[in-house]
There are 2 protein chains.
Amino acid sequence: MKKIEVGPRNFMYPMPTTLVGAIVAGKPNYITIAHVGVMKYATLSVSLHKRHHTNAGIKESGTFSVNLPSARMVKETDYCGLVSGQDVDKAALFETFYGKLKTAPMIRECPVNMECKVIQTLDLGTHEIFIGDIVETYCSEECLTPGKGEDLTRVDPILFSTSGARYFRLGEQFALAWNAGKELNAKDVTMNPPPPAAKD
Amino acid sequence: MKKIEVGPRNFMYPMPTTLVGAIVAGKPNYITIAHVGVMKYATLSVSLHKRHHTNAGIKESGTFSVNLPSARMVKETDYCGLVSGQDVDKAALFETFYGKLKTAPMIRECPVNMECKVIQTLDLGTHEIFIGDIVETYCSEECLTPGKGEDLTRVDPILFSTSGARYFRLGEQFALAWNAGKELNAKDVTMNPPPPAAKD
C-alpha cells in the first residue's frame, strides 16, 4: 500500500457536528462546532478560535452546552457557523431551555443536549480549548430505546468532514465493539522485530 | 419535544475509531482509541486511561501516531482494544513503518496515518490526555482524489458508538458545510427575549 506524504494535515473525520451554547452578553447564543473531543467518559473538550463571540460567554459563566442536531436541522446548524452572534440573534432559530446549571442554554429541537461545567481552559495560541464535565444530559424521548440508552440512528447526527466541507449521515451498523476482534487470539500473533528507533 | 434527564452521560458519538501507535518498552504497540479529539486544525488529543500500557511509551518518546483503520480491518482494530501490549505483540498483526519522528510507529494497512509530537499532557485523574501537533500525515494513494485531498468515503472509517458498543459505517453525503445554511438569512432572525439566567 503506497503512502503519500501530504504535510501535517488533519484527517480525523468525520466528527459529529454540534451546536455549542452559551450566554453571551446576556443572551443565549449557539455556534456550530465539529471539533468537540471526548477527554474521558463524561468530560468533553470544545475547541474555539479566539475570534469567536462565544468564548467570552463561556469564560463569564464557566458553563456551556453541547447540542447534537439531527440531519433534518442541517440548514439551521450550518447557518450558526456562517454568522456571528455579534451580528445575528441565532437563538431565535430555536426554542431555548435551561437545565441544572441555569447558565448553559440548550436547544429543544436537538435530540441530545449535554450541559457542561468548565474544569480547565487551555490556550493553544489561535484557539482556546474549554474542557467541561457533563453535569446533566437531556434526551428527546424518541431517541431513547427503553432499557438500552440512546439510539444513535434515531439521533441521526450530522457528520462533518473538513475535506470537501461535507456533511454525511451515519451509515449502517456492521460490527460490535469489544467483540469483533475476539476471533483473533494470541496464537495468531508472533513477535515483531524491534523498530528502527530501538536500534538507534 | 419532550426531554428526559438521563444523568451526566456522554452521547458525543459516533467518533472515528483509531489505532494509536507508540513504542513501548522498545517495541511498537497499537491501542484502539475512539476518544481522539481535534484541538485545532493540526493538533489532536488522545485520551488514555492510566492503566494502559501505551502511556509510558508516549511519555518516553514524546511522540505517538494516530492511524485510521478501514471497515475491512474491523477484526484487527477491535482486537487491539481487547488485549494489552503487556501480554500480546499486537504490532505483529500489521506492517509497521516509521516517518519523520522515527519514534511513532504507524500501520501501513491503515489508509491514513498522522504522526504527532506531544506538546502538552493533561492529568484528568483516571485519564491522561496527550495533546500532539501533527508533524506529518501519510495517505494511501487510493484514498486521495487528485487535487481534492482525501476522500473520506474511500477511507471507509470505523465509527464507534459507546451505546450498544457498536461500529457503524459512514453514510451518504447529504449537504455541504458553510453552504447549506446560506438560504437562511438574517431577515428570518428576530430578537429573542433574555434567558432566565439573565433575569436572576
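The structure displayed is predicted, hence computed values, not measured ones. (Residues numbered from 1 in each chain as written. Chains lettered and ligands numbered in written order. Predicted model: local features only at pLDDT ≥ 70, side-chain atom pairs only at ≥ 80, totals over all residues. Heavy atoms only, no water.)

**A short note on helix α1 (residues 54–61) of chain B**
Residue and element names in this part refer to chain B.
Line of reasoning, step 1. Turning to α1, its buried residues are T54, N55, G57 and I58. The buried residues of α1 all sit within an arc of 165 degrees when viewed along its axis, so they share a single face.
Line of reasoning, step 2. On the buried face of α1, the contacting elements are β3 (18–24), β4 (27–33), β6 (43–49), β7 (63–68), β10 (112–124) and β11 (127–140).
Line of reasoning, step 3. Following α1 by one or two positions, G62 has its phi on the positive side, about 70 degrees. (Buried < 20%, exposed > 50% of the residue type's maximum accessible area, 1.4 Å probe, protein only. Helix = DSSP H or I, 4+ residues; strand = E, 2+ residues; numbered from the N terminus. Arc of directions from axis to C-beta. Contact = heavy atoms within 4.5 Å.)

**Section: the relation of the copies chain B and chain A**
Line of reasoning, step 1. Once chain B has been moved 0.0 Å along the axis and rotated by 180 degrees, it coincides with chain A to within an RMSD of 0.0 Å. The operation mapping one copy onto its partner corresponds to a two-fold rotation axis.
Line of reasoning, step 2. Of the interface residues in chain B, 100% have counterparts in chain A that sit at the interface too, so the contact is made through matching surfaces. (Least-squares fit on C-alpha atoms with pLDDT ≥ 70 in both.)

**Quick notes on the interface of chain B and chain A**
Line of reasoning, step 1. Each partner contributes to the interface: chain B provides 126 residues, whereas chain A provides 126 residues.
Line of reasoning, step 2. Taken together, both faces of the contact between chain B and chain A bury some 10,900 Å²; the carbon and sulfur share is 66%.
Line of reasoning, step 3. The tally of links between chain B and chain A comes to 5 salt bridges.
Line of reasoning, step 4. The interface formed by chain B and chain A holds 50 residue pairs in polar contact (both at pLDDT 80 or more) in total.
Line of reasoning, step 5. When residues in the side of chain B that touches chain A are grouped by element, the largest group, 11 residues, is from strand β15 (residues 166–176) of chain B.
Line of reasoning, step 6. Among the residues forming the side of chain B that touches chain A, the class breakdown is 69 nonpolar, 30 polar and 27 charged.
Line of reasoning, step 7. Inspection of the sheet shows strand β15 (residues 166–176) of chain A paired to β15(B) by 7 bridges, in the antiparallel sense. Bridge pairing in β15(B) links Y167(A) to A175(B). (Buried area = accessible area lost by both parts, 1.4 Å probe. Salt bridge = Lys/Arg side-chain N within 4 Å of Asp/Glu carboxyl O. Polar contact = N/O pair within 3.5 Å; in protein donor to acceptor, adjacent residues only side chain to side chain. Nonpolar A, V, L, I, M, F, W, Y, C, P; charged D, E, K, R; others polar. Pairing = 2+ DSSP bridges.)

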